[in-house]
Amino acid sequence: MSPQPQAAVGAPLSRVDGRLKVTGQALYAAEHVVDGAVHAVIVDSGIGRGRITSIDTVAAEALPGVLKVLHHRNAPKLPYRDNSGSNNPPGRRLRVFQDDRVRFHGQPVAGVVATTLEAAQHGASLVKVGYDAEQPSTDLAEAEPDEPTTYARGDAEAALRSAAVRLDLTYRTARNHHNPMEPHATIARWNGDKLTVWDKTQWVVGTQTELAAVFGLDTAAVRVISPFVGGGFGTALRCWPHVVVAALAARETKRPVKLVLSRKQMYLGTGFRPSYEYHLRLGSDRRGRLTAAVHELDAETSSYETFTESVLAAGQMLYSMPNVTQRYRTVPLDLPTPLYMRGPGFQTASFVIESAMDELAHRLGVDPIELRRRNEPSDDESSGLPFSTRRLRECYAVGAREFGWHRRDPEPRATREGDWLIGRGMAAGVYDTARMPAQARARLDADGTALVDAAATDMGPGTYTSQTQVAADALGLTVRTVTFRLGDSLYPPTPPHGGSMTMASVGSATLDAWNKVRRQAIRLAVEDRESPLYGVAAADVVVRGGRLHMKDDPTRGETYRRLLARNDRTHLEADGSFAPPSGPERHSFYGYNATFAEVAVDATLGLVRVRRVLGVYDAGRIISPKLADSQALGGMVGGIGTALLEHTVTDHRDGRIVNANLADYLVPVNADIPDLKAIYLDGEDREADPLGVKGLGELVMIGVAPAIANAVFHATGRRIRELPITAEALL
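Predicted model, so just to flag it, every value in this text is computed and none were measured.

**Concerning the overall build of the chain**
Argument step 1. Scanning the chain from N- to C-terminus turns up 17 helices and 29 strands.
Argument step 2. The C-alpha atoms of the chain give a radius of gyration of 27 Å, which matches the 27 Å a tight globule of 731 residues would have.
Argument step 3. Expressed as lengths along the three principal axes of its C-alpha atoms, the size of the chain is roughly 80 × 75 × 50 Å.
Argument step 4. A buried classification covers 61% of the 731 residues belonging to the chain.
Argument step 5. In the chain, 81% of the contacts between residues at least 6 apart in sequence involve partners at least 24 apart.
Argument step 6. Carbon together with sulfur atoms contributes 48% to the accessible area of the chain, which is approximately 27,800 Å² in total.
Argument step 7. Across the chain, the 84 positively charged side chains and the 86 negatively charged ones have centroids separated by 2 Å.

**Details of the confidence of the model for the chain**
Argument step 1. When pLDDT is averaged along the chain, the result is 96; 98% of the residues meet or exceed 70.
Argument step 2. The low-confidence segment residues 84-91, where pLDDT is below 50, has 17 contacts with residues more than four positions distant or belonging to other chains.

**Re the pattern of salt bridges**
Argument step 1. Under the defined criterion, the tally for this structure stands at 41 salt bridges.
Argument step 2. When the shortest N-O distance is used, the salt bridge between D488 and R223 registers 2.5 Å. Of this pair, D488 sits in the loop between β20 (482-485) and α13 (502-526) while R223 sits in strand β11 (residues 222-225), placing them 265 residues apart in sequence.
Argument step 3. Note on R223: relative accessible area 30%, which makes it partly exposed.
Argument step 4. Linking D358 and R719 is a salt bridge whose minimum nitrogen-to-oxygen distance equals 3.0 Å.

**As for the packing of aromatic side chains**
Argument step 1. Within the structure shown, the criterion is met by 15 aromatic pairs.
Argument step 2. Between F403 and F596, the aromatic rings sit 5.5 Å apart at their centres with planes inclined by 35°, giving tilted as the arrangement. A residue pair is termed long-range when its members are at least 10 positions apart, and F403 in helix α11 (residues 392-403) and F596 in strand β25 (residues 590-602) qualify at 193 residues. We note that F403, like F596, is buried.
Argument step 3. Above the ring of W240, the side-chain terminus of R238 is found at 4.7 Å from the ring centroid.
Argument step 4. The ring of W190 has R251 lying over it, and the distance from NZ or CZ to the ring centre is 5.8 Å.

**A look at the sheet that holds strand β29 (residues 675-680)**
Argument step 1. Pairing is mixed in the open sheet, where 5 strands are placed in the order β16-β17-β25-β26-β29. Unpaired on one side and paired on the other, β16 (416-417) and β29 mark the two borders of the sheet.
Argument step 2. In the sheet, strand β17 (residues 420-432) pairs with β25 via 13 bridges, with the strands oriented antiparallel. Bridge pairing in β25 links R424 to E598.

**Comments concerning the side chain of N710**
Argument step 1. Positionally, N710 belongs in helix α16 (residues 704-716).
Argument step 2. Among the polar contacts listed, one links the side chain of N710 to the backbone oxygen of E354, at a separation of 3.4 Å.
Argument step 3. Within the local environment of N710, its side chain forms a polar contact with the backbone oxygen of M426, the two atoms lying 3.0 Å apart.
Argument step 4. Once you skip the residues sitting within four places of it in the chain, N710 turns out to touch E354, S355, D358, R372, R424, G425, M426 and R719.

**Examining the nonpolar core**
Argument step 1. Counting residues in each nonpolar core, the largest one holds 92 residues, and the members touching the most others are V599, Y617 and I708.
Argument step 2. Ranked by the residues each element gives to this core, the list is headed by helix α9 (residues 346-364), at 10 residues.
Argument step 3. Excluding residues within four positions of it along the chain, Y617 makes contact with C395, Y592, N593, A632, M636, A678, I679, Y680, L681, L696, L699 and V700.
Argument step 4. Ranked by size, the runner-up nonpolar core spans 50 residues in total, among them V470, A513, V543 and Y560.

**Some remarks on the pairing of β20**
Argument step 1. Alternating positions in β20 separate cleanly, V482 and F484 being buried on one face and T483 and R485 remaining unburied on the opposite face.
Argument step 2. Where strand β19 (residues 450-453) lies against β20, 4 bridges are found, and the strand directions are parallel. Bridge pairing links L451 to T483 in β20.
Argument step 3. Taken together, β19, helix α12 (residues 463-475) and β20 form a β-α-β motif whose crossover is right-handed.

**So, the sheet that holds β20**
Argument step 1. Reading across from one edge, β20-β19-β18-β24 is the order of the 4 strands in this open sheet, with mixed pairing throughout. Each edge of the sheet is formed by a strand with only one pairing partner; in this case those strands are β20 and β24 (571-578). Shown here is a sheet whose adjacent strand axes are inclined to one another by a mean of 15°, direction ignored.
Argument step 2. Note: strand β18 (residues 438-445) against β24, 8 bridges, orientation antiparallel. Paired with A440 across the two strands is G576, which belongs to β24.
Argument step 3. Docked against the sheet, α13 engages β18, β19, β20 and β24, running at close to 145° with respect to β24.

**Considering the side chain of E558**
Argument step 1. Within the fold, E558 resides in strand β23 (residues 553-559).
Argument step 2. In this structure E558 comes out as buried when scored by relative accessible area, which is 2%.
Argument step 3. Of the polar contacts made by the side chain of E558, one reaches the side chain of R566; its length is 2.9 Å.

**Focus on α11**
Argument step 1. Taking 1.5 Å per residue, 12 residues should reach 16 Å; α11 reaches 16 Å between its end C-alpha atoms and fits that length.
Argument step 2. Every buried residue of α11 is accounted for by L392, C395, Y396, V398, G399, A400 and F403.
Argument step 3. Turning to α11, the residues buried within the fold contact α10 (368-374), β17, β25, β26 (608-618) and β29.
Argument step 4. Residue G404 follows α11 closely and has a positive phi angle near 80°.

**Structural notes on the packing of α12 against α13**
Argument step 1. The geometry of α12 relative to α13 is characterised by a closest axis approach of 9 Å and an angle of 30° between their N-to-C directions. Taken together, α12 and α13 sit at an angle that is classed as roughly parallel. The element α12 and its partner α13 pack so that their crossing is right-handed. Across the interface between the two elements, T463, S466, Q467, V470, A471, A474 and L475 from α12 touch T502, M503, V506, G507, T510, L511, W514, N515, V517 and R518 from α13.
Argument step 2. The residue makeup of the contact of α12 with α13, split by class, is 9 nonpolar, 7 polar and 1 charged.

Rules of the game
- Residues numbered from 1 in each chain as written.
- Predicted model: local features only at pLDDT ≥ 70, side-chain atom pairs only at ≥ 80, totals over all residues.
- Heavy atoms only, no water.
- Helix = DSSP H or I, 4+ residues; strand = E, 2+ residues; numbered from the N terminus.
- Rg over C-alpha atoms; globule rule 2.2 N^0.38 Å.
- Buried < 20%, exposed > 50% of the residue type's maximum accessible area, 1.4 Å probe, protein only.
- Contact = heavy atoms within 4.5 Å.
- Areas by Shrake-Rupley, 256 points an atom, 1.4 Å probe, with all protein chains shown as cover.
- Lys, Arg positive; Asp, Glu negative; His and termini not counted.
- Charge placed at Lys NZ, Arg CZ, Asp CG, Glu CD.
- pLDDT = per-residue confidence, 0-100.
- Salt bridge = Lys/Arg side-chain N within 4 Å of Asp/Glu carboxyl O.
- Phe/Tyr/Trp six-rings, centres within 6.5 Å; stacked < 30°, edge-to-face > 60°.
- Lys NZ or Arg CZ within 6 Å of the ring centre and 35° of its normal.
- Pairing = 2+ DSSP bridges.
- Polar contact = N/O pair within 3.5 Å; in protein donor to acceptor, adjacent residues only side chain to side chain.
- Core = buried A, V, L, I, M, F, W, Y, C linked by side-chain atoms within 4.5 Å.
- Right-handed = clockwise from strand over helix to strand, strands pointing away.
- Axes fitted to C-alpha atoms, helices over the stretch in contact; angles between N-to-C directions.
- Expected span 1.5 Å × (residues − 1).
- Parallel < 35°, antiparallel > 145°, perpendicular 65-115°, else oblique.
- Left-handed = near helix turned anticlockwise from the far one by under 90°.
- Nonpolar A, V, L, I, M, F, W, Y, C, P; charged D, E, K, R; others polar.

The structure is reproduced here in structure tokens:
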């Protein structure tokens, strides 16, 4: 087949769902109207560890409007059976209302169901819970770790002993919470043994599978609907206990139940980026060629589940190094389970590795970019595989030119504007190019319009728009004639909307479906004696603007509408799919960036102000430049928050989160956001997927925090190895 003309892909289109959002017509989880719905409110544990000894629900149950108070003494025992593909292995879940054990502060211990939200909230305040409290373990530095996950190549200890230059550094990163705009919410309704939930989720298939496992149902008996998600950053990648509470309450009351978490409750049981203590020993020769690294890191997990993330990969492949040892230990604590947060694993590793590289460059008197160039690998030394694409050198060159890196005085504390010390720093970034199996269903109707369905999600990156662009070009239609539907488990299954895999996975399935439909139409035309294209080789036919024509003779052709009408066809349809090639990988797949930051630090007060950030990205083909910019600028804002503001504080006496609100958990606001700019290297990665994309949403945040930290050092001469960087640390 001739290549299809590309009119939509690569165009800076506005969001196709933008009007729905700005006019309030886009319905989020709590906004769906379900007849007869009542309200549930969760009662949170007041201790961080122990057992429930009593529950007094008399006052709550006597309140007008209260229908039921659920807790471990009256809730039915749920089967929690294993369903293949469940996003939480059997036996490791927090089993809601199934026993008297309290595992963390804020754990759901009861749920009040009432006819109004106000009655449910008042009822929850009247539930009195007695406890046999124990001292919780919530301090990473004082708890006993699990057995480590390890990696090794060469002999790192011996190489360090003989290294001409050695660094021995310890870094600490704070726990971060996702804090999306939309709170978690679920509406649950039973119809006999069938369950429907309207839920805030980044994975409708995962929530469907989990609920089926919890209630002992066939997967097909559960439907999950989530057409719009008001931000996620990873927090909605799994089915949390409140979803089970809503479904259980609906079954027990025989009424649809709506449950919306408060902002405080968003800190108590919907995941977070775990804190780390990360010890890095680094060795090099006197020219800066790396010879060895030893990574030893401890990370938070919960006492009832083991959470891990890809924090080791960057240390294995980002730079050429013959000797590497890694030890990664999870530390069980009396906390809720962490979860993936934007740039999971790589974000933490990037801060450590890129800060250390900057420190090594300063020690050697070498430019930080030049040090990285000297340690650029020719292939992935962790696997021996060639990189599918790796254009970090180009990222450095473009970024240095656009940022004006040559004007940077290498001496720390050398540039000053009045009371402000000016610093410039940079960092490299890397993120895994994830791809997973996905499916899509496409239908071209006789009126020339098209519809495609996939059980994907859109938490903000613009899935509706980017998938519509792919579909429009594959079928040769305009964007306005294509409708993409998502967010329903009745649609063909797709992977989680996280890990920057949606465009590569779902987009490739969408492309496959529409390629099949287009080929059906072309075959119909070239075999139809009444068609102007009769007898033409199918490979010579393309479609543009809904019209099939010969590639070399646009005058010879006809529209989809005319073709289908003449052949009495109401529609053409096809199922599309994508899966990474089976068997061992032949390439190493990653996206890359170089991030540059300029900061000003008040010499007297230690206040840090970011003045500008530039990111240059090797992210394959860019489907939608406007959406890409939205992702990149948002990632930079998130990186500024990680570097300077975000920090979840725990009172270790009882496990209570002290700053569980947006007044005390600080995130960047408009006044904190300076000049931000993103540049995308032109290119594609056809080894990764048929679209040639790499994924962008995670990559754009990685490298921002270390670039800022390195700029702070350049401004002040003070090396800060703990996030967030505070004024106190600089005084």
